[in-house]
Structures are given as structure tokens and as C-alpha cells.
Amino acid sequence: MDRRLLAISCALLVAGCTDRAPVATPAPVVAAPEYYGTQEPFAEHAVYFVLTDRFVNGDPANDQRDQGGVNRSFDRPVPGAPKGRSDNVGYLGGDFKGLLDNADYIHDMGFGAVWLTPIVDNPDEAFTGGDLVKWGGMFTDRGKTGFHGYWGVNFYQLDEHLPSPDLDFAGLTAGLKQHGLLTVLDIVGNHGSPSYTMPKDQPKYGEIYDRDGTLIADHQNLPPEKLDPQHNPLHAFYNTKPGLAQLSDINENDPRVLEYFVGAYSQWIDQGAAAFRIDTIPWMPHSYWHAFVGKIREKHPGFFMFGEAFDYDASKIAEHTWPQNAGVSVLDFPLKERVAEVFGSKGGGFERIAEHLYLQDGPYQNPYDLMTFYDNHDMARLDATDEGFIDANNFLFTARGIPVIYYGSEIGFERGTAEHAGNRNYFGVERIAAARTHPIRQQLRTIARLRQQSPALQKGLQLNVRFKGDEAVFYRVYQHEGVSQIALVLLNKGDAPAQIAVRDYLQAGQWRAAIGGGVRDVTQGGELSATVPAHGVEVFLLDAAVTDAGLRAALTPAMAGARRTR
């Protein structure tokens, strides 16, 4: 055989024993980029904030109407009220049963959590020291009681005005959970009850008791500078410098203090508290709260907490969010200032709000974890029209952060009123019944329930298109672990309908109008246009991964700069 033919035959024989074509090497799987503002589980839940004593009296048997004798603790109207107005600094009967009886009312609005004022034991009579409470007064406590819960004397024991024989705190949290509501407990760590200036020392005032009811601290009606912690162990729990008003100021340097409060508040977690709001967090040093938070999270990893730092300077309150300090969220006071301005009687354009969102390279550990609000019990309620409340709610429930609504705001209750001028007045079942048809509540229910169903509105990265005048347009984008959703939010706080068109970063696809209904087909490079009613909102949702190159290019730096890495 010719040598060339033999070679060809051998080659064909070998080829027949192997693959006929080379196997292609599979391309490496490239993970889709992730876009989110937060992965905090609590961000799924909007919060309804109640002063428990002022919400609903569900059990008159625990009112303690005869308590306090000449310094009675129940029903103490503030003197000097103008005609037709009222305020009260005594207990008014609100309790756990009243809250649980109306849990469906709260959940139906679209809330997933209820924030309660402190539940711990407070003094049993009205305070006789300090300056006399007067209409509209601030830091005036004579004649006032601990109806609000912030004058704790035994942090292990429930205040007797709150439970019923068949409903303790554990029963309340379990009952709220059955109605789809988590319990946020307000905690105080920097002060106890008013402690001096009384004409005659009063029972419990300036005192603290332990789990067994043993007295462990007593101010003994002495001014702070007269305390003698070196020689009197009952004084060692307190600082020897004045704090706020006449409140006893807790000494964070006494090693028993941290142990006491960690033990007390761990007890309430064991009974169902799902998160903490930390009162007056700046009044204790960062090191104290770092230790406190660390000990709580040792037993309850990831336990969510947010602090109250009443300051409109973002650089100051942000320090509490850093891991080397408390490492918690905070109430967003700087944003609150602008929200109250823009939607309240002062007015202003959306650009005023955009300045305080701090979406990229801001001072906060994560701005998406902040608690957003427009008023609370320590300041004047929002002074706005019904339309102003509706606009404010439309913004809070679509923008970054976790919204908090103060009880009664769903009907504009006591709008514009400050402490000792109606801010904390009793709500009651009659107002709850009437609220169901109120226009503020109706629109709040619409936007809150939409947020409850949308991962993008809960946790999505925010990308602003425009914040100007009466209009705001922005995206919320969530793409994480197989869940993808893009929300396009259109807000109009004007008095007339607005035609709003969007082309920037607009991805092709079928966008559904979550409020108005219907579907809009958007082509590549196209436009989405909608008429947004006066004082209205529309949210378009696209349940798809991000594929648009322009949107990706904008989201990449937004994702990189959203969280503090220093």
C-alpha cells in the first residue's frame, strides 16, 4: 500500500475512535449585579407609633382612678387651655387590651409593627416638684404623672395601668403577632423619674428597684450636686451633675448600670419585643451603647434597634449608626425637618427634601435603615391640610427609609399642636370608627399596603430623576438572590393634575400601574407618561432584572456609595 494512503487510513481510523468535533469550553457564569438599599428584615415593616395610655381604654378596671390621693394620677387637665381646647397630664386609661382590640385597624392600614411607649413601672402619684405644668409649656413637670412611661422606677415590672388579668406583655406581643404586627418597645437607659425639688419626698420618685423589688438607687430628693456616691451606695446609680429637667441622671460608669438594663430589657425581648427604640441616645456615651447593643445581640443576633437623637445635624446623629459606636439605626430628624416644611404650612419644593436624603457618600452607615417621620410626641404635630398629610405619606412610603406614623395622623388628629397643647390627647374608639372613611387614612392605606407588597419600595436602591417644585420622580430598584423589581415613583403635590413623562434610565418592558391600574408597554429608548392626580402618586412596577445599560450605569455608583465603608 502506498505510504500516503496508509497514513490517511490510520488517521481516519483514529478519528473514528474520538469525538467528531472539539467540545466547546462553557463560558463562566457571570452573576447578575446586585442592587439594593438594605437587607435589614425590619425594613419590610412600616411602624405605627402609639402612646399606649392615649390610644384606647380597653379595660377600665385597670385605670387606678383613686391612685395618688391628693396627688391623684388619673385625669389631670392642663390649666390655662383656650376655649374648646384641652390637654391632660394624668393617666387616661389606654392599655394593652385597647391596643390589641384595635390591632386589625392598624394592620389594615398597611402597618407591620407597632411602637409602644415604655411599659415599665412609673410613680403612683403626680409630681410635686419642678415648674407647674401650663398650657404649651416645655420641661414643666409639676402636676404631671408618668402616663407616658418615661419615668421608670422598676424596669423589670409592668406599669399597673397597662395589663389586664388575662393580658400581660407576652400576651400582647403574641396577640399583635397574630394580627400581623411586630412589637417595637421604647426603652430608656439614661434617666429615671423626676428626683428632686419636691416640697416633701414622694414615694418612688428618684428611686430604682431591681427584679426582686429591692431598692437599689434613691436620689432622696437631693439635687445632683448634693449626692454622695462614695459614702451612700444608693446614690452611686446617679450622676452628680444635672440632667434634663429634674430627672435622675443615670451614671453609666457604675458597672451595675449596664447589667441592670441589659437584664431588664432582655426580659421584655423574651416576652416578644421584636425591636427597640432607644430614648435620648446621645445622653449616654457611645461606649455605653456599644456595650449594651453588643450584649443584646449576643443573645439575639441582628436584633433591630433605632435611637432618638433629637438633632437636625446629620453628621451628629449619624455617629450612632456606626459599628464602632452603637451600630443602630436612628430616627431621621434632618429629613423630618424638610418633610414637615415641604408638606406643612411653610411649603417648599421637593428639592428641599432631596438635599437631606444622603443617598450616596453620606454620613450614615446606611440611610436606607433610617426611620422616617414627620412628627411625634416630643414636638408639634405636622401643621398641614389633609392634602399635606396625604402628600407626606405618599413620599414616606415610597422613598428610602422605614416610615413611622404617629397615632392619629391618619385623620390629622390635633394637627399643629405641641406638648401640653393637645399633642398627646386621647384618641379612642369613636375616632377609630370615624377614621375608616377619612381621606387621609384612605390614601395612607393605599400607599402603605402597596409598600407592604413591594420589595423595591421596602429595600430598593433609590435613584433620583428629578426633585423640583411640586414633582418628584425616582426609581427604587431591588435585585438580590433571584428577586428583581424596579419601581418608578411619580409624585405630584400640586393642586392640579400633572402630566409627568419619564425617559431617563427607562427600561423596556411591560410596566404595570400599581395604583391606577393597567399596563404600559415601553420600547427601547421610549417614554413612559402618566397623568398624576393633584396631591397624588403613581408607582409603575417592572418585575424584571435590570438590563438597560443606562440604568445599570447609574445604579453602579449608587450601589457603591449607598453604605458607609470607612
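This is a predicted model, so every value here is computed, not measured.

## A word on the overall build of the chain
Part 1 of the reasoning: Per the secondary structure count, the chain includes 14 helices and 22 strands.
Part 2 of the reasoning: Once the C-alpha set of the chain is aligned to its principal axes, its extents read approximately 125 × 60 × 45 Å.
Part 3 of the reasoning: When the 566 residues of the chain are sorted by exposure, 58% land in the buried category.
Part 4 of the reasoning: For the chain, the computed accessible surface area is about 22,700 Å², with 52% contributed by carbon and sulfur atoms.
Part 5 of the reasoning: Here the chain carries 51 positive and 70 negative side-chain charges, and the mean point of each set is 5 Å from the other.

## Structural notes on the side chain of D141
Part 1 of the reasoning: Relative to the helices and strands, D141 resides in the loop between β3 (120–121) and β4 (154–158).
Part 2 of the reasoning: Accessibility expressed as a relative area gives 8% for D141, which makes it buried.
Part 3 of the reasoning: Those residues in contact with D141, other than ones at most four positions away along the chain, are F127, G129, D131, V133, W151, A245 and Q246.

## Some details on the layout of surface pockets
Part 1 of the reasoning: For the largest pocket, the calculated volume is near 670 Å³.
Part 2 of the reasoning: Along the walls of the largest pocket sit 30 residues, with F139, L244, T280, E308 and D378 positioned nearest its centre.
Part 3 of the reasoning: In terms of residue class, the lining of the largest pocket is built from 13 nonpolar, seven polar and ten charged.
Part 4 of the reasoning: Looking at the second largest pocket, its volume works out to about 270 Å³.
Part 5 of the reasoning: For the second largest pocket, the lining is made up of 15 residues, of which K336, E337, A340, E341 and K346 are closest to its centre.
Part 6 of the reasoning: When grouped by side-chain class, the residues that make up the lining of the second largest pocket number six nonpolar, three polar and six charged.

## Considering the nonpolar core
Part 1 of the reasoning: In this structure, F276, F292 and F395 are the most contacted members of the largest nonpolar core, which totals 166 residues.
Part 2 of the reasoning: The dominant element in this core, judged by the number of residues it contributes, is helix α5 (residues 255–270), at nine residues.
Part 3 of the reasoning: Apart from the residues within four sequence positions on either side, F276 is in contact with V184, L185, I187, Y265, I269, F292, I296, F303, F304, M305 and F306.
Part 4 of the reasoning: With five residues, the next largest nonpolar core counts F127, W151, M198 and Y205 among its residues.

## A closer look at the sheet that holds strand β20 (residues 519–522)
Part 1 of the reasoning: With antiparallel pairing, the six strands of this open sheet are ordered in space as β15-β16-β17-β22-β19-β20. Edge positions in the sheet fall to β15 (461–468) and β20, since each has one partner strand and no second. Ignoring strand direction, the axes of neighbouring strands in this sheet form an average angle of 20°.
Part 2 of the reasoning: Taken together, the seven bridges between strand β17 (residues 483–492) and strand β22 (residues 536–542) define a ladder with antiparallel strand orientation. Within β22, the residue paired with L491 across the bridge is V537.
Part 3 of the reasoning: Helix-sheet contacts for helix α14 (residues 549–561) involve β15, β16 (471–480) and β17, and the interaxial angle to β15 is about 105°.

## Things to note about empty space enclosed by the protein
Part 1 of the reasoning: In total, this model carries four cavities of 30 Å³ or more according to the counting rule given.
Part 2 of the reasoning: Of the volumes computed, that of the largest cavity is approximately 80 Å³.
Part 3 of the reasoning: A volume near 40 Å³ is recorded for the second largest cavity.
Part 4 of the reasoning: Examining the composition of the lining of the second largest cavity, we find that three residues originate from one element, strand β9 (residues 247–249), more than from any other.
Part 5 of the reasoning: Looking at the lining of the second largest cavity residue by residue, the classes come out as three nonpolar, four polar and one charged.

## Observations regarding the sheet that holds strand β10 (residues 275–278)
Part 1 of the reasoning: An order of β12-β11-β10-β5-β2-β1-β14-β13 is seen for the eight strands of this open sheet, with the pairing classed as parallel. With partners counted over all chains shown, the strands left at the sheet margins are β12 (329–330) and β13 (371–372), one partner each.
Part 2 of the reasoning: Note that strand β2 (residues 113–116) and strand β5 (residues 182–187) share four bridges and pair parallel. Residue L116 lies in a different strand from β5, and its bridge partner there is L185.
Part 3 of the reasoning: Packed on one face of the sheet, helix α6 (residues 286–299) meets β5, β10 and β11 (304–307) and runs near 160° to β11.

Reading the values: the criteria
Residues numbered from 1 in each chain as written. Predicted model: local features only at pLDDT ≥ 70, side-chain atom pairs only at ≥ 80, totals over all residues. Heavy atoms only, no water. Helix = DSSP H or I, 4+ residues; strand = E, 2+ residues; numbered from the N terminus. Buried < 20%, exposed > 50% of the residue type's maximum accessible area, 1.4 Å probe, protein only. Areas by Shrake-Rupley, 256 points an atom, 1.4 Å probe, with all protein chains shown as cover. Lys, Arg positive; Asp, Glu negative; His and termini not counted. Charge placed at Lys NZ, Arg CZ, Asp CG, Glu CD. Contact = heavy atoms within 4.5 Å. 1 Å grid on protein atoms, 1.4 Å probe; cavity = no way out; pocket = protein on both sides within 12 Å on 5 of 7 lines; lining within 4 Å. Points joined across faces, edges and corners; volume = space filled by probe spheres on them. Nonpolar A, V, L, I, M, F, W, Y, C, P; charged D, E, K, R; others polar. Core = buried A, V, L, I, M, F, W, Y, C linked by side-chain atoms within 4.5 Å. Pairing = 2+ DSSP bridges. Axes fitted to C-alpha atoms, helices over the stretch in contact; angles between N-to-C directions.

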